[in-house]
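Residues per chain, in single letters:
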Amino acid sequence: IQALPPAPEGVAILNYDDPWVRPMAEKTQAQILFYGLNPAADLWADHVESMGLDGIHFHLHYRRETLHVRVPLIGQHSVHTALRAAAVGLVEGMTWQDILEGLRTGHTQLRLVAVRSESGALLLDDTYNASPESTIAALNLLSELDGKRVAVLGDMLELGPYERQGHEMVGIRAAKVADRLVTVGERGHMIASSARYAGMRPERIVEFEDSDEAIAYLQENLGGQDIVLIKGSHGIRMDRIVSALEVNA
């Protein structure tokens, strides 16, 4: 951010809700546009409502304007995605009509796909990649949906010294959200151990070394009321689980 030219040429769009990002405003001479869920931000949202797989609805505020927005993004956490996009549109001089049309029609959430399994379970395919932050966001989405929640979580790779802490954070969140937890991979044991420590009953947790073992278990144990989040780093090939379970796969 220090490399941005001074205002008005340089603009920094910063997340007001992130305590690590907000102080970056002090490190630049660029114009600052804060977004977030706090009225202290320049562009902010409230009355955020998840409509499950049908998207999210919220009120967007900028200066003296308030707009009612519905976008086809999944999960309440996605409101920040919409705010970032709207902020860029404002900086670029777009009209609200163009910004809202872009939010309604843009294909910005390509990675998470909902498909059905042979048993009728709803599979949330988020297997493109995984970090602790994106996995917790996906678990938050799972918590918003009605049904028996199953979290199928694999190793998160390339975390470096953050590896154990990151996997343990995910396990703690999974314990609060999921009715069943299935882990895949060597690092997945950290997720399972952390979930048990956070109070999840051991009989609700199953651990596997690879995706083939997980596939065999899920084929025998998924029902029509299950909502199944499948997420992990691409290197552990969690996508094979979706391919094996999906109808007509």
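Here the structure is a predicted model, which means the values were calculated and not measured. (Residues numbered from 1 in each chain as written. Predicted model: local features only at pLDDT ≥ 70, side-chain atom pairs only at ≥ 80, totals over all residues. Heavy atoms only, no water.)

Some thoughts on the pattern of salt bridges
Then, in step 1: What the rule picks out here adds up to 10 salt bridges.
Then, in step 2: Between Arg196 and Glu207 there is a salt bridge, with its nearest N and O atoms 2.9 Å apart. Residue Arg196 is found in helix 5 (residues 188-197), and its partner Glu207 is found in strand 10 (residues 205-208); the two are separated by 11 residues along the sequence.
Then, in step 3: Since its relative accessible area comes to 32%, Arg196 is described here as partly exposed.
Then, in step 4: Shared partners join several salt bridges into a network, and the residues in it are Asp155, Glu163 and Arg187. (Salt bridge = Lys/Arg side-chain N within 4 Å of Asp/Glu carboxyl O. Helix = DSSP H or I, 4+ residues; strand = E, 2+ residues; numbered from the N terminus. Buried < 20%, exposed > 50% of the residue type's maximum accessible area, 1.4 Å probe, protein only.)

Some points on unusual backbone geometry
Then, in step 1: In this structure, the amide linkage connecting Ala7 to the following residue, Pro8, adopts the cis form with an omega of 5 degrees.
Then, in step 2: Tracing the sequence through the fold places Pro8 in the segment before strand 1 (11-15).
Then, in step 3: Not every positive phi belongs to a glycine, and Glu158 is a case in point at roughly 60 degrees.
Then, in step 4: For Glu158, the position within the fold is in the loop between strand 8 (148-154) and helix 4 (163-177).
Then, in step 5: Taking relative accessible area as the criterion, Glu158 reaches 82% and is therefore assigned exposed.
Then, in step 6: For Arg237, which is not glycine, the phi dihedral falls at a positive 60 degrees.
Then, in step 7: For Arg237, the position within the fold is in the loop between strand 11 (226-231) and helix 7 (239-245).
Then, in step 8: Among the residues examined, Arg237 registers a relative accessible area of 38% and is labelled partly exposed.

Quick look at the sheet that holds strand 1
Then, in step 1: Pairing is mixed across the open sheet formed by five strands, whose spatial order is 1-2-3-4-5. Edge positions in the sheet fall to strand 1 and strand 5 (65-71), since each has one partner strand and no second. Across this sheet, the average inter-strand angle for adjacent strands is 20 degrees, counted without regard to direction.
Then, in step 2: Contacting strand 3 (43-50), strand 4 (56-62) and strand 5, helix 2 (residues 96-105) crosses the sheet at an angle of about 20 degrees to strand 5. (Pairing = 2+ DSSP bridges. Axes fitted to C-alpha atoms, helices over the stretch in contact; angles between N-to-C directions. Contact = heavy atoms within 4.5 Å.)

Here we look at the pairing of strand 6 (residues 113-116)
Then, in step 1: One ladder, built from four bridges, connects strand 6 with strand 7 (residues 122-126); its direction is antiparallel. Paired with Val115 across the two strands is Leu123, which belongs to strand 7.
Then, in step 2: Where strand 6 hands over to strand 7, the hairpin turn is made up of five residues, of which Gly120 adopts a positive phi near 95 degrees.

Comments concerning the environment of Asp18
Then, in step 1: Along the polypeptide, Asp18 turns up in the loop between strand 1 and strand 2 (31-36).
Then, in step 2: The partly exposed category is assigned to Asp18, whose relative accessible area is 25%.
Then, in step 3: For Asp18 and Val182, which are 164 residues apart along the polypeptide, the C-alpha to C-alpha distance reads 31 Å.
Then, in step 4: Polar contacts involving the side chain of Asp18 include one to the main-chain amide nitrogen of Trp20, which spans 2.8 Å. (Polar contact = N/O pair within 3.5 Å; in protein donor to acceptor, adjacent residues only side chain to side chain.)

Side note on the packing of helix 4 against helix 5
Then, in step 1: Close contact between helix 4 and helix 5 brings their axes to 7 Å; oriented N to C, the two are set at 50 degrees. By the angle class used here, helix 4 and helix 5 are oblique. Crossing hand, helix 4 versus helix 5: right-handed. Facing helix 4, whose interface residues are Glu163, Arg164, His167, Glu168, Val170, Gly171, Ile172 and Ala175, helix 5 presents Met190, Ile191, Ser194 and Ala195.
Then, in step 2: When grouped by side-chain class, the residues that make up the contact of helix 4 with helix 5 number six nonpolar, three polar and three charged. (Parallel < 35°, antiparallel > 145°, perpendicular 65-115°, else oblique. Left-handed = near helix turned anticlockwise from the far one by under 90°. Nonpolar A, V, L, I, M, F, W, Y, C, P; charged D, E, K, R; others polar.)

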